[in-house]
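Chains, contacts and geometry: an overview
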Amino acid sequence: MKIFNVTGYVKPVLMIIAGIILAFIPGFISGIFYIIGGVIILLNIITLLSGVLSAVGAPVAVPKSAIGIIIGLLITAIPNLVSFSLPVVVGILLCISGISRIVRALRSNVSGSKKTFNIIVGAVVAVSGLLLFLNPFSSTGIFLKIVGIILIVAGIVSLANNADSNNGSHKSSGRASDVVDVDYSVKDDDMFRRLK
């Protein structure tokens, strides 16, 4: 009997879904943060109003609601902070990586095309990092598309690998099977006679 491994398919499917969301509908994630933050703000405004209107609950409701409103505002600000800070950080890291690659290529004893190749790759990486750093808001969309496409491809490859290992193709590739079929029989009479 063959057991179907469902857990091997969950992660790749989630990777593909996340990749589709990041690459093709990146505003979906921001919308979730805006909805969650808006609900928190709305609920805390209602709590604040009900606390102020009742004389008994005002001392507790006002500070609690003010903290809740601040938390809601911070949650709605998360997409903007991420869309600004992520490209800036990645841009700085790419600039450092590109410049260090150029410096290593210039200091190395290697000559010819390998040295030229390392200098060109370092320059391309450094310029890419500089573009991300100088223009973080417009580069966020491109960055999300690239990450989304990478997730989609990785998910599809993982699904293909899981399907390949589950359909029995591992027998044809020369690998040992995970399932061992054994037939055996024991003659009780013979075994008991030998023990006596």
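What counts, and at which threshold
- Residues numbered from 1 in each chain as written.
- Predicted model: local features only at pLDDT ≥ 70, side-chain atom pairs only at ≥ 80, totals over all residues.
- Heavy atoms only, no water.
- Helix = DSSP H or I, 4+ residues; strand = E, 2+ residues; numbered from the N terminus.
- Buried < 20%, exposed > 50% of the residue type's maximum accessible area, 1.4 Å probe, protein only.
- Contact = heavy atoms within 4.5 Å.
- Polar contact = N/O pair within 3.5 Å; in protein donor to acceptor, adjacent residues only side chain to side chain.
- pLDDT = per-residue confidence, 0-100.
- Expected span 1.5 Å × (residues − 1).
- Arc of directions from axis to C-beta.

**Some thoughts on the overall build of the chain**
Check the secondary structure of the chain and you find 7 helices and 0 strands. Overall, the chain shows an N-to-C arrangement of helices and strands of α-α-α-α-α-α-α. The buried share of the chain, taken over its 196 residues, is 20%. Counting contacts in the chain only where the partners sit at least 6 residues apart, residues at least 24 apart contribute 74% of the total.

**Here's the deal with the side chain of N44**
Structurally, the position occupied by N44 is in helix 2 (residues 27–53). Within the local environment of N44, its side chain forms a polar contact with the backbone oxygen of I40, the two atoms lying 2.7 Å apart. Not counting residues within four places of it along the chain, the set of residues in contact with N44 comprises K64, S65, G68 and I69.

**Considerations on the confidence of the model for the chain**
The predicted model of the chain averages 79 in pLDDT, with 78% of residues at 70 or higher. Of all helices and strands in the chain, the one with the weakest mean pLDDT is helix 6 (residues 169–172) (48), whereas helix 2 scores best (88). Scored below 50 in pLDDT, residues 169–173 shows 9 contacts in the model against residues more than four places distant or in partner chains.

**Points about the side chain of T76**
With respect to the helices, strands and loops of the structure, T76 is situated in helix 3 (residues 58–107). Owing to a relative accessible area of 18%, T76 belongs among the buried residues under this scheme. Separated by 2.7 Å, the side chain of T76 and the backbone oxygen of L73 make a polar contact. Once residues lying within four places of it in the same chain are set aside, the contact partners of T76 are F33, Y34, G37 and G38.

**Looking at helix 2**
Here helix 2 spans 38 Å end to end across 27 residues, near enough to the 39 Å set by a 1.5 Å rise per residue. Among the residues of helix 2, those classed as buried are G37, I41, N44 and G51.

**Quick look at the environment of G37**
With respect to the helices, strands and loops of the structure, G37 is situated in helix 2. Residue class for G37 comes out buried when judged on its relative accessible area of 0%. C-alpha separation for the pair G37 and I78, spaced 41 residues apart in sequence, amounts to 9.6 Å. Those residues in contact with G37 that sit more than four places away from it in its chain are G72, I75 and T76.

**A few points about helix 4 (residues 113–134)**
Along its 22 residues, helix 4 runs 31 Å from first to last C-alpha, staying within 8% of the 32 Å computed at 1.5 Å per residue. If you check which residues of helix 4 are buried, you get G122, A126, G129 and L132. Projection of helix 4 onto a plane perpendicular to its axis shows the buried side chains occupying an angular sector of 120°, all on one side. For helix 4, the exposed residues lying more than 90 degrees away from the buried face are S113, F117, V124, L131 and L134.

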